[in-house]
There are 2 protein chains.
Amino acid sequence: MFESAEIGHKLGKKEYKREVPALRAGLLNAQYDLGELKRFPVLIIIGGVDGAGKGETVNLLNEWMDPRHIHTHAFGPPSDEEAVRPPMWRFWRAMPPRGKIGIFFGSWYTDPILRRVMDHTSDAGLQQHVDEIFRHEKMLADEGILLIKLWFHLSMERQKQRLETLEKDPHTRWRVTKTDWRRFKHYEKFRQVSERVLRETSTATAPWIVIEGTDPNYRSVAAGKILLELMRNRITTEKTRVTEKSPRITTPASLPKLDNSGLLSGMNLKQRISKGRYEKQIEKLQGDLNLLSREKKFAHRSTILLFEGMDAAGKGSAIRRITAALDARRYHIVPVAAPTEEERAQPYLWRFWRHMPRPGLVTIFDRSWYGRVLVERVEGFCPPADWTRGYSEINDFEEQLMHGNVVLIKFWLQISKEEQLRRFKQRETTEFKHFKITDEDWRNRKKWGPYEAAVCDMVDRTSTEIAPWTLVEAEDKLFARIKILKTIIARLEAGR
Amino acid sequence: MFESAEIGHKLGKKEYKREVPALRAGLLNAQYDLGELKRFPVLIIIGGVDGAGKGETVNLLNEWMDPRHIHTHAFGPPSDEEAVRPPMWRFWRAMPPRGKIGIFFGSWYTDPILRRVMDHTSDAGLQQHVDEIFRHEKMLADEGILLIKLWFHLSMERQKQRLETLEKDPHTRWRVTKTDWRRFKHYEKFRQVSERVLRETSTATAPWIVIEGTDPNYRSVAAGKILLELMRNRITTEKTRVTEKSPRITTPASLPKLDNSGLLSGMNLKQRISKGRYEKQIEKLQGDLNLLSREKKFAHRSTILLFEGMDAAGKGSAIRRITAALDARRYHIVPVAAPTEEERAQPYLWRFWRHMPRPGLVTIFDRSWYGRVLVERVEGFCPPADWTRGYSEINDFEEQLMHGNVVLIKFWLQISKEEQLRRFKQRETTEFKHFKITDEDWRNRKKWGPYEAAVCDMVDRTSTEIAPWTLVEAEDKLFARIKILKTIIARLEAGR
């Protein structure tokens, strides 16, 4: 991968001066179009060898373009708020919204590569990281982000020369640190590891572009031209793209219904519990949960409880039975409704990453990222291509949570169509409940069948060993609450 | 203040049971109206004596209302991200948006009171904090926040009993810590200091409500009823409030213009610098700034550069001359345009607090919070009552920044009306600049006079010793850039 970046590319001063004005104007114009279109963001990932001009190039790009709409992030050691959350959180925090350019200096590549170079992880460990990155970037690309990955390379000999030159000059001496020389000792290993990582993460939508860093003129114009070309291409595509609402076809993602057994239809909704037993059990369970929430190990983990269910299935009241057992300072409920303007300018999962709890806290999602494969699928809010990729994206997301020491507990609350009708009517007549029933609820009810199909697919595809779904028979609210509390306690005791 | 909270208020079980259902229904309904109206948020501040039932009451309020729209924040020791920013930042982060309820458990009162009790600060020091809080809360109230401050009190004897009782019961023993007993030793001092603080921060719009904490039934119903009453009153006011756009009258806040001298008209816009001298000076100054930005002391301070100026005065190009001297990883430019939906749901200053830089970073505001007293005043976007209070709110804000170790440097770029016309025309004809000129620019130009008046008032009222304005003669762009760079360097060298 690095061969053509070791042959001594150069650009003379004259050619440089000839190239730059048009390049700057082009970049500025492309940046303007990007901001006007507001259809996609540009994320530039900068990697490479120390001393290969990464910093200089980033500064130059900021100089050439309008720096007001570029946000450059250097990821050094994580802050304590970052360190206690899943590793991807800090990158999500810094994501550029549609219409803007983000530059990541240091990225999700830095840690995996350096850990392997320093032998803090095995080849298999690295492979796992590479796979995660691959899928993460695929998701970003699918979400419409223009991902531009620039790698600045120097041959071993050139890097040595470069560090020595910088060190000799009193004006640049500060730029060479002991870390640089220590890393230089690992040049060969670094080259070998990054070669592998670059190869495996170079995809059609987000290939690595390796730029020889020896000659400043060459590397600057090369980086600028690539950036311009990729932005230009994408802008042209977007401008000519037909933007009509995608047709509401449902891809045949589900198995044909050949008999009457099914995940949901197989649930025994007749399960009930008497008021007396309920009162006794709920008090005991809430006490247990309260004790658990005060254990030391609880303080070192984040907990996410996620509730999905048919309308009027009793999510809200079940949630209240959980929070009643917890200190209000320790939980945060996120009711998921329509995304805000800032959320709409970001990839789908961004709005959930924002609410990632610190350890010791419980975040309760009342509806969740599963909206993608439920309401968005059924109502045709997003094209089939988008929600079908949602399953694996969600699985990846939940795996990242697990690696980040998050306990994720997911509930689907199921009621029968008849019970829903009964509750709707009750809500309409009960004074304090009538605001809970809207026209939308009645509309959704008409799509009971498609919703059930979507739920079955969701459970089939996203009930994983690390984040299993718990299907809750919610026809009897009391039964449901007991089952939910028991499940939470069991999962917390098992530590996952 | 505490007398009537030491007389042993009680509420029998029967009365409690009779009161609660209507209270719950009322609170739930009020919360629903709050969410529907989306006109104001409710911020409940909880303070008081340990063991007086603060936590229990908060939990109960969450139980009685819909916890999905309440966000309870406990402010313990600040995280490192919080610790390096001005103290108010963490509270701004947690502000509830319009339509929601926020509960602050521990607040801007905690630290000042405890520091005085422990003798870490003097009476004068406390007074300063109290004044700051007073003004801060006035601003919040003026911005429409319903601020409800509940203080839970116990007499000394009762607190001792309470801690002993909690300690005896194995189920509640965990709740009494050494800190509680240590604090108990300071009961008298605590009572005295908090009495003073409560008295001085009890205002018509946000009075402290002291609740006796001995009897759980009494304190719960008391807190609930007060909350309900205050929410209900405010909702009624909001519902009946006439919401027509406020008339575009400008209050006579400015002195009458009796002669021809004035802040702006007195500026010598003829000042120029030759291209040759500029080239030499700018390189030297950029070098100096770059060196300064790498000094150790720079890493421990945040810097905010703020640019305001007439349209086409050259803010953007001046900013680019600054960023060219800085590493792109060290600055962040915030172009201030129309607020987003999430920003509109918050007090005016919230959108600027979001961008508070960490130490070592430079944040450059291209337009700023001064929009309040410039464009919003001139265009009538907010009523005179709002922008006239803006001056002192901004002064308070900037004082908080200074206390938070932020260096704030403010520039007003001034050009003549003729020069603006020349630049507008040039922009229209230059290909790469024509997107910089819009109909709005032409419209604003017609209001040159009112803008100048607003600028004079702004400078008069907000050029303070801690955050002075630098008026920049920008008729010659080169002259302006040199003056700006020199000012920044001088201020950074002076350390403020």
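Predicted, not measured: the structure shown is a model, and the values here were computed from it.

Draft legend 1. Focus on the pattern of salt bridges. All names here are of chain A. Scanning the model with the defined rule gives 86 salt bridges over all chains in all. Between Glu393 and Arg389 there is a salt bridge whose closest N-O contact spans 2.6 Å. One end of the pair, Glu393, and the other, Arg389, are both in helix α17 (residues 384-403), four residues apart, so they sit about a helical turn from each other. Overall, the relative accessible area of 11% leaves Arg389 in the buried class. Residues Lys410 and Glu398 are paired through a salt bridge, measuring 2.8 Å at the closest nitrogen-oxygen approach. Of this pair, Lys410 sits in strand β9 (residues 406-414) while Glu398 sits in helix α17, placing them twelve residues apart in sequence. The burial state of Lys410 is the same as that of Glu398; both residues are buried. Through salt bridges that share partners, Lys138, Asp142, Glu143, Arg372, Glu376, Asp386, Arg389 and Glu393 make up one connected network.

Draft legend 2. Representation of the pairing of strand β7 (residues 331-335) of chain B. Residue and element names in this part refer to chain B. Counting buried residues in β7 gives four out of five residues, a clear majority hidden from the surface. Across five bridges, β7 lies against strand β8 (residues 362-366) in parallel orientation. Paired with His332 across the bridge in β8 is Thr363.

Draft legend 3. Summary view of the interface of chain A and chain B. With 47 residues of chain A at the contact, the number on the chain B side is 47 residues. For the chain A and chain B pair, buried surface summed over both sides reaches about 4200 Å², with 56% attributable to carbon and sulfur atoms. Linking chain A with chain B are six salt bridges. In this structure, the salt-bridge partner of Glu81 of chain B is Arg93 of chain A, at a minimum N-O distance of 2.9 Å. For the pair chain A and chain B, the interface holds 18 residue pairs in polar contact (both at pLDDT 80 or more). Sorting the residues of the side of chain A that touches chain B by element identifies α1 (13-37), α2 (54-64), β2 (70-74), α3 (80-83), α13 (315-323), β7 (331-335) and α14 (341-344) of chain A as the ones contributing at least two each. Residue contributions to the side of chain A that touches chain B peak at five residues, all from α2 of chain A. Among the residues making up the side of chain A that touches chain B, the classes are represented as 16 nonpolar, 13 polar and 18 charged.

Draft legend 4. Quick look at the sheet that holds strand β4 (residues 146-153) of chain B. Residue and element names in this part refer to chain B. The five strands are arranged β2-β3-β1-β4-β5 in an open sheet whose pairing can be described as parallel. Each of the sheet's edge strands pairs with one partner strand only, and the pair in question is β2 (70-74) and β5 (208-212). Taking the axes of each pair of neighbouring strands and ignoring which way they run, one obtains an average angle of 20 degrees across the sheet. With five bridges connecting them, β4 and β5 associate as parallel partners. Across the sheet, residue Lys149 finds its bridge partner in β5, namely Trp208.

Draft legend 5. Summary view of the confidence of the model for chain A. Residues and elements named next belong to chain A. Scored by pLDDT, chain A comes out at a mean of 91, with 95% of its residues at no less than 70. Within the model, the stretch residues 246-250 combines pLDDT values under 50 with eight contacts to residues more than four positions away or in other chains. The ipTM for the predicted assembly is 0.83, set against a pTM of 0.88.

Definitions and cut-offs
- Residues numbered from 1 in each chain as written.
- Chains lettered and ligands numbered in written order.
- Predicted model: local features only at pLDDT ≥ 70, side-chain atom pairs only at ≥ 80, totals over all residues.
- Heavy atoms only, no water.
- Salt bridge = Lys/Arg side-chain N within 4 Å of Asp/Glu carboxyl O.
- Helix = DSSP H or I, 4+ residues; strand = E, 2+ residues; numbered from the N terminus.
- Buried < 20%, exposed > 50% of the residue type's maximum accessible area, 1.4 Å probe, protein only.
- Pairing = 2+ DSSP bridges.
- Contact = heavy atoms within 4.5 Å.
- Buried area = accessible area lost by both parts, 1.4 Å probe.
- Polar contact = N/O pair within 3.5 Å; in protein donor to acceptor, adjacent residues only side chain to side chain.
- Nonpolar A, V, L, I, M, F, W, Y, C, P; charged D, E, K, R; others polar.
- Axes fitted to C-alpha atoms, helices over the stretch in contact; angles between N-to-C directions.
- pLDDT = per-residue confidence, 0-100.

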